[in-house]
There are 2 protein chains.
Amino acid sequence: MAGDRSDHRVLQYEQSLMYGRYTQELGVYAKEEATRLKESGEKVSQRSRTLEHDNGRCAKFGPFRWLRFLISLIGEDWIFFFLLGILMGLASWAMELGINMLLKGQKWVYGRLDSNGFLQYLGWVGYSVALIVFSAGFTQIVSPQAAGSGISEMKTILRGVLLKEYLTFRTFVAKVISLAFALGSGMPLGKEAPFVHIASLCGALLCKLPVFRGIYENESRYREMLAAACAVGVGCVLAAPVGGVLFSIEVTFTFFAVRSYWRGFFSVTIAAFFFRVLAVWYKDEETVTALFRTHFQVDFPFDLKEMPAFALLGIISGFGGALFVYLNRRIALFIKKQKLFNTFLMKKCLVYPVMVSFLISSLLFPSGFGQFMAGELTQNEALVTLLDNRTWTKDGIAEEFDYIGNARVWMHPQVTVFGTLALFTIMRFWMCALAITMPVPYGAFMPVLVIGAGLGRLVGECMAYWFPEGIHAGHAIYPIVPGGYAVVGAAALSGAVSHSFSTVVMVLELTGQISHLLPALIAVVLANLVAQSLQPSIYDSIIKIKKLPYLPELGWGQHEVYNIRVEDIMVRDVQYITLSCSYRDLLNILMKSRLKALPLLTSAESMILLGSIERTQLQSLLSQQLSCARRLQCIKERGAEAKKLLSTESNPPSNNNSSLQTGPEEGHIQVTNEELNPPPVVERPTELSNSSRDESGVTLRSIFCASSDAEEVQDDRDVQDPTSEITDWEARQLDERVNFNNCKINPALIQLLECTSLHKTYTIFSLLGLDHAYVTRIGRLIGVVSIKELRKAIDGSMTLKGVKVAPPMATFRNSSLSSSQNETTYLQAVRPPEEHVTDAPKHVC
Amino acid sequence: MAGDRSDHRVLQYEQSLMYGRYTQELGVYAKEEATRLKESGEKVSQRSRTLEHDNGRCAKFGPFRWLRFLISLIGEDWIFFFLLGILMGLASWAMELGINMLLKGQKWVYGRLDSNGFLQYLGWVGYSVALIVFSAGFTQIVSPQAAGSGISEMKTILRGVLLKEYLTFRTFVAKVISLAFALGSGMPLGKEAPFVHIASLCGALLCKLPVFRGIYENESRYREMLAAACAVGVGCVLAAPVGGVLFSIEVTFTFFAVRSYWRGFFSVTIAAFFFRVLAVWYKDEETVTALFRTHFQVDFPFDLKEMPAFALLGIISGFGGALFVYLNRRIALFIKKQKLFNTFLMKKCLVYPVMVSFLISSLLFPSGFGQFMAGELTQNEALVTLLDNRTWTKDGIAEEFDYIGNARVWMHPQVTVFGTLALFTIMRFWMCALAITMPVPYGAFMPVLVIGAGLGRLVGECMAYWFPEGIHAGHAIYPIVPGGYAVVGAAALSGAVSHSFSTVVMVLELTGQISHLLPALIAVVLANLVAQSLQPSIYDSIIKIKKLPYLPELGWGQHEVYNIRVEDIMVRDVQYITLSCSYRDLLNILMKSRLKALPLLTSAESMILLGSIERTQLQSLLSQQLSCARRLQCIKERGAEAKKLLSTESNPPSNNNSSLQTGPEEGHIQVTNEELNPPPVVERPTELSNSSRDESGVTLRSIFCASSDAEEVQDDRDVQDPTSEITDWEARQLDERVNFNNCKINPALIQLLECTSLHKTYTIFSLLGLDHAYVTRIGRLIGVVSIKELRKAIDGSMTLKGVKVAPPMATFRNSSLSSSQNETTYLQAVRPPEEHVTDAPKHVC
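Everything quoted here is computed from the prediction, not taken from an experiment.

### Focus on the sheet that holds strand 12 (residues 780–786) of chain A
Residue and element names in this part refer to chain A. The 3 strands lie next to each other as 10-11-12, forming an open sheet whose pairing is mixed. Bordering the open sheet on either side are strand 10 (751–752) and strand 12, each of which pairs with just one other strand. Of the strand pairs in this sheet, strand 11 (residues 772–777) and strand 12 are connected by 6 bridges, and their pairing is antiparallel. Residue pairing across strands places valine 775 opposite glycine 783, the latter belonging to strand 12.

Take a look at the structure:
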């Protein structure tokens with residue numbers, strides 16, 4: 001726990017109640033972490049590869065050698081995804097069992113206390129609140145990363161960003177247990193989105209098993225595996241393999257490899273099979289069928305003339321979906337902004353979930369307000385009744401048919417069926433938007449699906465009321481099936497909220513009937529059309545709220561992305577270092593710019609890009625140049641020259657730093673990268689920016705010799721050397737040319753052209769998970785584009801939607817295109833100076 | 001027709017009967033064409049953009065201005081894909097109608113001639129042969145590109161290769177009409193794969209409408225559109241929107257954008273809706289339902305204990321699918337290799353289809369052998385009967401139930417139901433593999449689906465025979481449903497042949513029942529597991545036969561791709577040119593290498609990569625330097641210096657070339673790129689390679705002055721100048737430094753590192769549609785990888801499957817990694833020479 005805390009501080013992760021916010025742009029930290037992990041991973045893999053070549057491939061893991069051999073015969077991938085499937089099937093089934101037990105518990109408490117109304121209320125509400133408090137508390141204590149949906153985070157992780165602690169065993173435990181309790185409380189939460197996270201966790205943890213370590217070591221394989229695991233998540237929860245895989249793909253990816261999709265399919269088939277087979281074995285179901293089986297007539301499920309009603313339902317759902325996302329974001333941001341309120345909540349971090357769960361469960365209390373909105377039913381029960389085959393009304397009055405089981409609660413003497421359905425839809429709508437701001441693991445998909453089913457049923461019942469004989473003109477009479485509308489509504493609203501089409505498949509798989517495919521598809525298409533043009537998806541909205549480093553999706557109507565070019569958005573004034581620069585230049589640049597990496601050019605004249613060097617690398621170069629070891633050595637040398645007696649005095653302190661004195665015979669000391677950690681003070685360059693260049697000598701001493709060891713040395717020398725001498729020495733050191741030999745140079749493998757379109761840039765950035773890219777013209781650096789500029793450009797072009805205007809800097813573009821003189825000077829600088837050039841070279845985009 | 005012919009000659013496209021083969025690697029030609037088209041497209045777009053900025057955006061297309069404005073308000077994309085959907089729905093419906101009429105025609109002929117057995121046979125076979133001959137002939141005459149499935153070609157096009165004539169109106173007409181006739185002939189062909197091509201054609205043609213020209217102009221938008229259009233293809237044919245979109249994605253892409261998938265879904269929904277609505281309106285169907293509706297019991301569709309049988313069916317289908325692909329390839333390659341046979345077929349290009357269709361339709365003749373294998377039924381009829389709800393046998397004897405309609409034909413007094421089913425499956429199997437080698441538009445999907453259904457039904461009937469009471473142990477008796485096995489078999493075999501999982505969804509959509517989802521999924525997964533490890537998919541197989549420029553798919557078990565690195569496969573001995581090279585160097589390199597593009601470096605010492613220049617560009621540079629115009633000018637200058645009277649003699653011939661004499665006052669003549677087409681002789685560098693460097697003067701004269709105009713000049717001068725003078729002049733010209741200013745330099749935007757894995761390289765090549773990429777180390781060129789090396793490496797690593805060995809050149813790798821001295825010299829060369837460097841820089845993969 002203590003270790004965890006310190007990690008949060010590093011991440012500057014505010015332990016708030018809302019989602020868990022990051023005050024710092026998370027990307028900055030995440031990238032650093034990723035690099036660090038990648039490096040250590042590389043080292044491991046290099047080591048192990050050497051080992052493999054030395055000892056033969058089976059000698060690596062003693063007891064596992066035969067297992068490994070067996071696995072390599074059949075194929076690691078197949079076995080891995082088979083295991084993942086079984087694990088996820090088990091997890092899903094166990095979760096289902098646990099949640100059902102907890103939900104039954106609440107009903108049992110409610111039933112036992114029916115003698116006293118107040119006690120009954122207390123029991124009902126207390127049960128919910130207690131479970132939520134446990135869930136929230138457990139999440140906070142064990143792993144705060146487990147809170148939230150998980151899809152947004154996985155989206156970010158798959159983009160190449162490494163979020164710390166998101167794929168650990170601790171998080172797995174926290175996520176599974178908290179999720180079970182949160183859902184068991186009866187709050188309008190779902191488990192689909194968290195299962196995407198859980199599946200990825202399972203995959204990541206499986207990778208850590210010795211037999212699968214081969215997968216984990218290779219970064220691209222690891223990411224492919226994560227992508228496939230993501231696709232498994234949803235499918236196994238709802239036993240809807242096809243829809244689940246598609247849904248996971250739609251909400252998690254921008255680009256998807258068909259390879260990963262196959263793996264996902266394989267795994268999810270196993271998972272869904274196990275999930276259902278376990279259900280058959282343990283729950284005495286007769287055989288494997290759909291979760292929410294419907295019994296609509298197959299021969300004539302709907303009439304073509306009902307299509308407008310389905311289309312209308314789709315459009316309403318579209319607006320509803322956008323409203324849901326908007327409402328959720330407003331609530332989240334409102335609570336985030338209330339400073340005073342927030343400070344209070346921060347201290348008592350369980351107050352907010354208590355308040356929310358108290359409010360919601362009070363409203364759902366079946367003997368109170370809940371009786372008007374079927375508060376008694378759990379989500380699954382509600383969904384089953386909403387998909388009911390029969391029509392609930394006849395001529396506007398609740399029909400007196402034999403209400404079996406749970407469907408009874410929809411009939412209330414005061415409000416009609418229309419009333420209960422409308423109340424159910426509206427109340428659950430804002431309740432769900434509110435509930436998913438709690439710091440517990442949650443998914444919004446299932447509650448939204450149920451709300452959509454309610455909305456659909458409402459429209460269906462209205463249709464049945466208006467057209468009691470059906471609207472078929474032919475000889476036979478086919479009455480309208482409100483349950484079909486519920487199916488369509490469920491698909492449409494969930495599709496609108498998540499911006500996905502695969503909800504159609506999922507809903508049809510859930511109901512086990514495919515007859516309403518076409519109306520559902522049309523409704524979902526219309527709902528998406530409306531919702532996508534109004535709001536981002538719920539997952540993108542959460543990404544924005546959490547400020548995760550992710551690019552926004554390109555909308556449908558954005559043609560500007562094809563017309564805006566890199567030159568319109570790039571940063572032209574790039575800070576750079578050259579091969580021949582001095583340490584003083586380095587210092588100045590480090591003080592001026594806050595970039596994570598600086599481009600390395602051959603020279604300021606040729607401007608040819610060689611690669612980039614990370615800030616930390618440069619800092620260590622600089623600190624190495626002015627290191628205490630070098631100071632000491634300098635003193636020693638001078639002392640040896642001047643007086644023999646002085647050298648005896650300066651020796652004792654140098655013994656403290658004996659480890660730094662290896663190889664003092666050479667011109668400069670060999671210090672490898674691993675030994676050289678940049679001094680912590682340099683991490684805050686804002687403080688340095690005040691100090692001007694002239695004072696650099698003094699400043700530098702305070703920076704680079706701030707450690708205790710160094711101060712000691714400094715003190716010793718201050719006695720015998722005047723300050724000016726130190727300043728002189730430092731100035732001389734700074735004037736030397738930088739030796740880049742111990743420096744890691746990142747090659748600039750992906751470069752852009754000025755005329756690359758924003759769309760292409762976006763594609764390249766998303767596909768390759770880039771953070772920034774340099775813009776070059778025949779090898780020469782002319783600008784840089786980072787993810788920030790890209791995000792700004794995409795958001796900016798969104799506001800232009802519908803009206804096509806010339807891109808922001810288009811007026812400059814044509815002139816720069818025609819001014820070939822410009823390019824000529826570029827090429828002149830590159831080429832050896834003997835020849836004079838008059839015409840400009842052309843290049844191709 | 002004549003123009004067409006000449007095009008083929010350029011492409012070196014042999015007009016053979018098999019598929020249409022390319023003797024030259026198609027990629028070479030295609031890339032050239034793509035560049036040419038892209039350039040001309042760029043010019044157009046540049047011109048139109050200027051226009052737009054000048055006149056305001058609505059003034060562009062006079063009569064369409066208001067339409068354009070309306071479209072820009074709603075969003076071009078939505079309208080485009082709406083129109084595409086409607087068009088495809090219409091096309092699909094019209095095609096269905098036409099094919100059904102033609103199929104009925106054959107039955108009508110058969111029925112009318114039932115008085116005479118031989119006449120009946122003649123009518124039956126003649127009808128088939130005539131239609132096939134028309135189809136093949138029409139394809140050959142109008143557009144040979146229309147032959148074949150289309151999926152393989154679209155796969156290649158979407159990879160960024162531009163196949164000529166594949167997306168023209170001519171091809172569209174040929175494809176649609178030939179397809180209708182080919183399918184109407186009753187051959188075992190399908191229409192799914194051609195519809196992928198037709199949908200892309202529709203999209204490409206729609207783009208050419210003035211209102212949508214904006215989409216066509218931008219290359220990345222055009223490709224996105226094509227990707228979405230591809231996804232529309234299959235969905236609208238089978239009215240299976242979800243499965244269709246997924247199938248198209250699986251068989252066409254390696255990576256796909258979720259954006260495209262949405263567009264595809266939108267469009268396919270419209271298409272499927274229209275297709276079915278038109279059917280309702282015209283065919284008096286009551287409402288929109290599935291194409292091949294089944295009526296299985298919903299409550300208990302299958303027992304868990306039947307799972308092993310389904311799994312077995314999946315495995316058999318897997319082997320069957322692999323066998324199908326193998327058989328097809330053997331037939332195709334066999335016929336291709338028979339030289340004599342082939343020459344004969346070439347001349348009478350309709351002989352082969354006549355032979356094949358005669359053979360197949362003879363065997364299918366219902367009164368002959370066809371009576372044992374339900375030859376009377378069309379594919380659709382056969383599928384409907386195979387999906388029948390009832391069991392056909394009881395205790396091994398064909399049950400005497402009321403055979404309604406077509407199901408009657410399965411019962412034959414001599415052979416049992418098992419016999420007809422087995423014969424049907426086996427005969428159709430090889431017939432289909434044979435039929436899809438004919439030069440007509442074809443798809444293999446639907447026939448394979450029907451064969452799979454036959455296989456499944458056979459297994460199902462066997463199960464029903466072995467377990468007449470069902471195998472459920474409980475109280476109730478649920479008999480086995482052979483129709484369910486047919487569904488599973490159809491999905492499994494078609495999945496195995498096409499290497500896709502989405503056939504499950506498609507089959508379920510076709511039958512309108514989702515109850516067999518889980519067994520179908522399991523069977524398809526197993527079938528894919530078997531088939532993918534034995535053979536490539538049918539589409540990849542066709543790509544290989546046609547030698548299209550496409551990368552093979554990465555198989556499941558290939559872990560080597562993660563371990564092989566670029567340094568193991570790259571070409572190290574790269575031919576390059578430097579900024580300071582002379583024309584003689586250029587000439588030598590052009591003679592030595594046959595590369596399409598040469599890398600441009602700053603200098604041979606620094607080796608810093610600036611970009612690449614295409615061969616044609618370099619050739620034009622060289623020919624410009626030694627052009628007749630320059631010769632003339634030189635002569636004129638010398639003449640003016642030496643004698644006045646000689647100049648009067650040399651004037652007349654120069655008048656012929658007056659157009660070349662613009663600006664003779666300057667040091668060299670300004671000739672722009674457009675005027676300078678490389679002389680055709682240079683296109684055959686193999687002839688040149690014999691001539692050694694010393695003779696270059698003489699050789700060059702023959703190369704560069706081979707045109708008639710030039711020879712005239714040459715002749716005139718030969719009289720007055722000795723040959724040695726010309727050689728001297730040419731030698732002097734060749735020693736000059738190259739002026740790259742009029743040259744197009746392609747920037748090397750994507751570079752690789754030595755340590756990049758093969759997997760990552762494959763990903764980058766597939767994603768960005770690369771042809772080659774340079775391998776650099778801190779900006780310095782050290783190698784090149786082209787698609788050829790990549791293909792070889794992937795194919796090579798396939799043979800290593802199962803046994804994990806060290807990658808081919810791994811022994812060299814470690815030494816090169818540790819030899820940092822190597823890199824040091826590299827950096828020394830890059831950096832200005834003042835300083836000496838001892839340690840090596842490191843870089844990150």
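### A short note on the side chain of Thr437(B)
All names here are of chain B. Turning to its location among the elements, threonine 437 is positioned in the loop between helix 17 (417–435) and helix 18 (445–466). For threonine 437, a relative accessible area of 1% puts it in the buried group. At 2.7 Å, the side chain of threonine 437 forms a polar contact with the side chain of tyrosine 352.

### Quick look at helix 10 (residues 219–238) of chain B
Residues and elements named next belong to chain B. For helix 10, which comprises 20 residues, the first-to-last C-alpha distance of 31 Å matches the rise-based estimate of 28 Å (1.5 Å per residue) to within 8%. Counting buried residues along helix 10, 17 of its 20 residues qualify, which places the element largely inside the surrounding structure. In the stretch just after helix 10, alanine 239 is the one whose phi turns positive, near 50°.

### Thoughts on the sheet that holds strand 7 (residues 597–601) of chain A
All names here are of chain A. Read from one edge of the open sheet, 3 strands run 6-7-8, paired in mixed fashion. Looking at which strands have only one partner, the edges of the open sheet turn out to be strand 6 (577–578) and strand 8 (609–614). Here strand 7 runs beside strand 8; their pairing, made up of 5 bridges, is antiparallel. Along strand 8, the bridge assignment pairs leucine 601 with leucine 609. Along the sheet, helix 26 (residues 615–625) contacts strand 6, strand 7 and strand 8; its crossing angle with strand 8, the most-contacted strand, is approximately 80°.

### Some remarks on the packing of aromatic side chains
Applying the stated rule across the entire model yields 30 aromatic pairs over all chains. Pairing Phe134(A) with Phe181(A) gives two aromatic rings, centres 4.4 Å apart and planes at 50°, and the pair type is tilted. Remark: Phe181(A) occurs in helix 7 (residues 169–184) and Phe134(A) occurs in helix 5 (residues 117–142); sequence separation between them is 47 residues. You can call Phe134(A) partly exposed: its relative accessible area is 36%. Ring geometry for Phe247(B) and Phe445(B): centres 4.7 Å apart, planes at 55°, overall tilted. With Phe247(B) in helix 11 (residues 241–252) and Phe445(B) in helix 18, this pair connects stretches of sequence that are 198 residues apart.

### Side note on the packing of helix 7 of chain A against helix 8 (residues 192–207) of chain A
Residues and elements named next belong to chain A. At a closest axis distance of 10 Å, the pairing of helix 7 and helix 8 adopts a crossing angle of 145°. For the element pair helix 7 and helix 8, the recorded crossing hand is left-handed. Taking contact as the criterion, the partners of Phe169, Thr171, Phe172, Lys175, Val176 and Leu179 in helix 7 are, on helix 8, Pro194, Phe195, His197, Ile198, Leu201, Cys202 and Leu205. Each residue belonging to the contact of helix 7 with helix 8 can be placed in one class, and the counts come to 10 nonpolar, 2 polar and 1 charged.

### Description of the environment of Ala271(B)
All names here are of chain B. Inspection of the secondary structure assignment puts alanine 271 in helix 12 (residues 258–283). For alanine 271, a relative accessible area of 0% puts it in the buried group. C-alpha separation for the pair alanine 271 and phenylalanine 82, spaced 189 residues apart in sequence, amounts to 8.4 Å. Leave out the neighbours within four places in its chain, and alanine 271 touches Gly85, Met88, Gly89, Val232 and Cys236.

### Describing the environment of Ser786(A)
Residue and element names in this part refer to chain A. Inspection of the secondary structure puts serine 786 in strand 12. Along the sequence, serine 786 and alanine 642 sit 144 residues apart, while their C-alpha atoms lie 54 Å from each other. Beyond its immediate chain neighbours, meaning those up to four positions away, serine 786 contacts Phe765, Asp771 and His772.

### Some details on a nonpolar patch on the surface
Residue and element names in this part refer to chain A. On the surface, a cluster of nonpolar side chains totalling about 300 Å² of accessible area is made up of Phe118, Leu119 and Leu122. Relative to the assigned elements, leucine 119 resides in helix 5. With relative accessibility at 42%, the residue leucine 119 sits in the partly exposed group.

### Considerations on the pattern of salt bridges
All names here are of chain A. Counting across every chain of the model gives 10 salt bridges over all chains. When the shortest N-O distance is used, the salt bridge between lysine 191 and glutamate 96 registers 2.9 Å. Remark: glutamate 96 occurs in helix 4 (residues 76–112) and lysine 191 occurs in the loop between helix 7 and helix 8; sequence separation between them is 95 residues. No difference in accessibility class separates lysine 191 from glutamate 96, as the two residues are buried. Here lysine 155 makes a salt bridge to aspartate 540, at a shortest N to O gap of 2.7 Å.

### So, unusual backbone geometry
All names here are of chain A. Unusually for a residue other than glycine, histidine 499 sits at a positive phi of about 55°. The residue histidine 499 is located in the loop between helix 19 (482–498) and helix 20 (503–511) in this model. Look at histidine 499 and you get buried, because its relative accessible area is 9%.

### A short note on the state of the cysteines
All names here are of chain A. Taken as a whole and judged by the stated rule, the model has 0 disulfides over all chains. We note that cysteine 207 lacks a disulfide partner, and the nearest cysteine sulfur, in cysteine 202, lies 11 Å from it. Exposure remark for cysteine 207: the relative accessible area of 0% places this residue in the buried category.

### Notes on helix 16 (residues 379–386) of chain B
Residues and elements named next belong to chain B. Gln379, Ala382, Leu383, Thr385 and Leu386 are the residues of helix 16 that are buried. The arc enclosing the buried residues of helix 16, seen along the axis, measures out at 165°, which places them on a common side. Next to the buried residues of helix 16 lie helix 17, helix 18 and helix 19 (482–498).

Calculation notes
Residues numbered from 1 in each chain as written. Chains lettered and ligands numbered in written order. Predicted model: local features only at pLDDT ≥ 70, side-chain atom pairs only at ≥ 80, totals over all residues. Heavy atoms only, no water. Pairing = 2+ DSSP bridges. Helix = DSSP H or I, 4+ residues; strand = E, 2+ residues; numbered from the N terminus. Buried < 20%, exposed > 50% of the residue type's maximum accessible area, 1.4 Å probe, protein only. Polar contact = N/O pair within 3.5 Å; in protein donor to acceptor, adjacent residues only side chain to side chain. Expected span 1.5 Å × (residues − 1). Contact = heavy atoms within 4.5 Å. Axes fitted to C-alpha atoms, helices over the stretch in contact; angles between N-to-C directions. Phe/Tyr/Trp six-rings, centres within 6.5 Å; stacked < 30°, edge-to-face > 60°. Left-handed = near helix turned anticlockwise from the far one by under 90°. Nonpolar A, V, L, I, M, F, W, Y, C, P; charged D, E, K, R; others polar. Patch = residues over 30% accessible without salt bridge, like charges linked within 9 Å, V, L, I, M, F, W, Y side chains within 5 Å. Areas by Shrake-Rupley, 256 points an atom, 1.4 Å probe, with all protein chains shown as cover. Salt bridge = Lys/Arg side-chain N within 4 Å of Asp/Glu carboxyl O. Disulfide = S-S within 2.5 Å. Arc of directions from axis to C-beta.

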